[in-house]
Amino acid sequence: RFFSQNPIDILINLAARAGVAESISDPRLNFEANVVANFNLLDMARLYGVKKFVFASTGGAIIGDGTPPLTENMVPNPLSPYGVSKLIGELYTKVFELCYSVKSCCLRFSNVYGEYSIHKHNLIPMFIKSAIEGSTAKIYGDGTQERDFIYVGDLVDGISRVLEYDVSGVIQLATGKNTSANTIAELVTQELSGKYEFNWEYRPARSGEIYKTWCDNSKSIRLLGHYPKTTLSEGLRKTIRWYIDQHQKDDGN
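Residues numbered from 1 in each chain as written. Predicted model: local features only at pLDDT ≥ 70, side-chain atom pairs only at ≥ 80, totals over all residues. Heavy atoms only, no water.

### Considerations on the overall build of the protein chain
And then number 1: Scanning the protein chain from N- to C-terminus turns up ten helices and ten strands.
And then number 2: Against the globule reference of 18 Å for 253 residues, the protein chain gives a C-alpha radius of gyration of 19 Å, in line with a compact fold.
And then number 3: C-alpha extents for the protein chain along the principal axes are approximately 55 × 40 × 40 Å.
And then number 4: Counting every position in the protein chain, which comprises 253 residues, the buried fraction comes to 45%.
And then number 5: Long-range contacts, defined as pairs at least 24 residues apart, comprise 83% of the intrachain contacts of the protein chain with a sequence gap of at least 6. (Helix = DSSP H or I, 4+ residues; strand = E, 2+ residues; numbered from the N terminus. Rg over C-alpha atoms; globule rule 2.2 N^0.38 Å. Buried < 20%, exposed > 50% of the residue type's maximum accessible area, 1.4 Å probe, protein only. Contact = heavy atoms within 4.5 Å.)

### Brief notes about the pattern of salt bridges
And then number 1: Per the counting criterion, the structure on display carries twelve salt bridges.
And then number 2: For Arg17, the salt bridge is made with Glu22, and the minimal N-O distance between the two is 2.7 Å.
And then number 3: For Lys238, the salt bridge is made with Glu234, and the minimal N-O distance between the two is 3.6 Å. Taken together, the positions of Lys238 and Glu234, both in helix α10 (residues 232-251) and four residues apart, correspond to about one turn of that helix.
And then number 4: Taking relative accessible area as the criterion, Glu234 reaches 30% and is therefore assigned partly exposed.
And then number 5: Linked by salt bridges that have partners in common, Lys52, Lys103 and Asp166 make up one network. (Salt bridge = Lys/Arg side-chain N within 4 Å of Asp/Glu carboxyl O.)

### Here we look at helix α7 (residues 152-165)
And then number 1: Here α7 spans 20 Å end to end across 14 residues, near enough to the 20 Å set by a 1.5 Å rise per residue.
And then number 2: All buried positions along α7 are accounted for by Asp154, Leu155, Gly158, Ile159, Arg161 and Val162. One face of α7 carries all of its buried residues, which in axial projection span an arc of 160 degrees.
And then number 3: In the stretch just after α7, Asp166 is the one whose phi turns positive, near 55 degrees. (Expected span 1.5 Å × (residues − 1). Arc of directions from axis to C-beta.)

### Thoughts on a nonpolar patch on the surface
And then number 1: Taken together, the side chains of Ile10, Ile12, Leu14 and Leu163 define a hydrophobic patch exposed on the protein surface, amounting to about 310 Å² of accessible area.
And then number 2: Locating Leu163 in the fold gives a position in helix α7. (Patch = residues over 30% accessible without salt bridge, like charges linked within 9 Å, V, L, I, M, F, W, Y side chains within 5 Å. Areas by Shrake-Rupley, 256 points an atom, 1.4 Å probe, with all protein chains shown as cover.)

### Section: the packing of helix α3 (residues 27-47) against helix α5 (residues 81-100)
And then number 1: Running from amino to carboxyl end, α3 crosses α5 at an angle of 15 degrees, the nearest separation of the two axes being 9 Å. As judged from the angle between their axes, α3 and α5 are roughly parallel. Here α3 runs over α5; the crossing is right-handed. Contact residues: Pro27, Asn30, Asn34, Val35, Asn38, Phe39, Leu42, Asp43 and Arg46 in α3; Pro81, Tyr82, Ser85, Lys86, Ile88, Gly89, Tyr92, Thr93, Phe96 and Tyr100 in α5.
And then number 2: Tallied by class, the residues present in the contact of α3 with α5 amount to ten nonpolar, six polar and three charged. (Axes fitted to C-alpha atoms, helices over the stretch in contact; angles between N-to-C directions. Parallel < 35°, antiparallel > 145°, perpendicular 65-115°, else oblique. Left-handed = near helix turned anticlockwise from the far one by under 90°. Nonpolar A, V, L, I, M, F, W, Y, C, P; charged D, E, K, R; others polar.)

### Some remarks on the packing of helix α8 (residues 181-192) against α10
And then number 1: Put simply, α8 and α10 touch, their axes get as near as 10 Å, and they point 55 degrees apart. Classified by the angle their axes make, α8 and α10 are oblique. Crossing geometry of α8 relative to α10 is assigned as right-handed. Of the residues in α10, those touching α8 at Ile184, Leu187, Val188, Glu191 and Leu192 are Leu232, Ser233, Leu236, Arg237, Ile240 and Ile244.

### Focus: the layout of surface pockets
And then number 1: In this structure, the second largest pocket occupies an estimated 250 Å³ of space.
And then number 2: Lining the second largest pocket we find 16 residues, and of these Thr175, Lys177, Thr230, Thr231 and Leu232 sit closest to its centre.
And then number 3: Considering each element in turn, the lining of the second largest pocket owes the most residues, three residues, to strand β7 (residues 149-151).
And then number 4: By residue class, the composition of the lining of the second largest pocket is six nonpolar, seven polar and three charged. (1 Å grid on protein atoms, 1.4 Å probe; cavity = no way out; pocket = protein on both sides within 12 Å on 5 of 7 lines; lining within 4 Å. Points joined across faces, edges and corners; volume = space filled by probe spheres on them.)

### Observations concerning the packing of aromatic side chains
And then number 1: Applying the stated criterion across every chain, the model contains eleven aromatic pairs.
And then number 2: Between Phe3 and Tyr48 the ring centres are 6.0 Å apart and the planes differ by 35 degrees, which places this aromatic pair in the tilted class. With Phe3 in helix α1 (residues 2-5) and Tyr48 in the loop between α3 and β2 (52-58), the pair connects residues that are 45 residues apart, well separated along the chain.
And then number 3: Residue Phe3 is classed as buried on the basis of its relative accessible area of 14%.
And then number 4: Joined through ring pairs, the aromatic side chains of Phe39, Tyr92, Phe96 and Tyr100 make up one cluster.
And then number 5: Positioned over the ring face of Tyr100 is Arg46, at 5.2 Å from the centre of the ring. (Phe/Tyr/Trp six-rings, centres within 6.5 Å; stacked < 30°, edge-to-face > 60°. Lys NZ or Arg CZ within 6 Å of the ring centre and 35° of its normal.)

See the structure below:
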């Protein structure tokens, strides 16, 4: 009904069930949300003449345990249902471009953090929420595992440039920098100093999780310009400020 009543030139699919652990515990939910739903949108794009389809994919979960930094040309080797679902989404997106002339771009996001992420269950949101709630955060593994953390504002800038420059294919949106879980814990502790106490404990590593992964963003910068402008400290400061403001609003302060 929505497609029949509204002329749409560009469709950006950001909807997903993200997260490795959840995909392992409930693979059917992950499949329905990430594979079936993306197919439904692609089919609507085909039927209603959408000119461009942008699919939000993922980097590390698709490549698996490949040696970082990850590049767009590495052979996919997903180790979780989540990674498989995103790879299938990329393949369907490419096939619809080949068969139905729906021009497309698949954007592999690195680990996104920032304001309005209260529903997310990855490292940075969980750390901040644990501190504000007064609970103990969990680090699965020894804390030396590494990820590429990109601030949401920079990610949005990258997506906007994809539309502005009309690029296509598979592109990684990332910072190109690797940061360990222990470093994130230390940075969060520093930023929360004087406001909330942050405590964490180590738990056994979870199956399906990749130990160290970060992305080479040279292709995206070549095509889009230098979009990752926010330092990790600056991004964490903005994110923590938003969480504290939300917490105070919820408490009526």
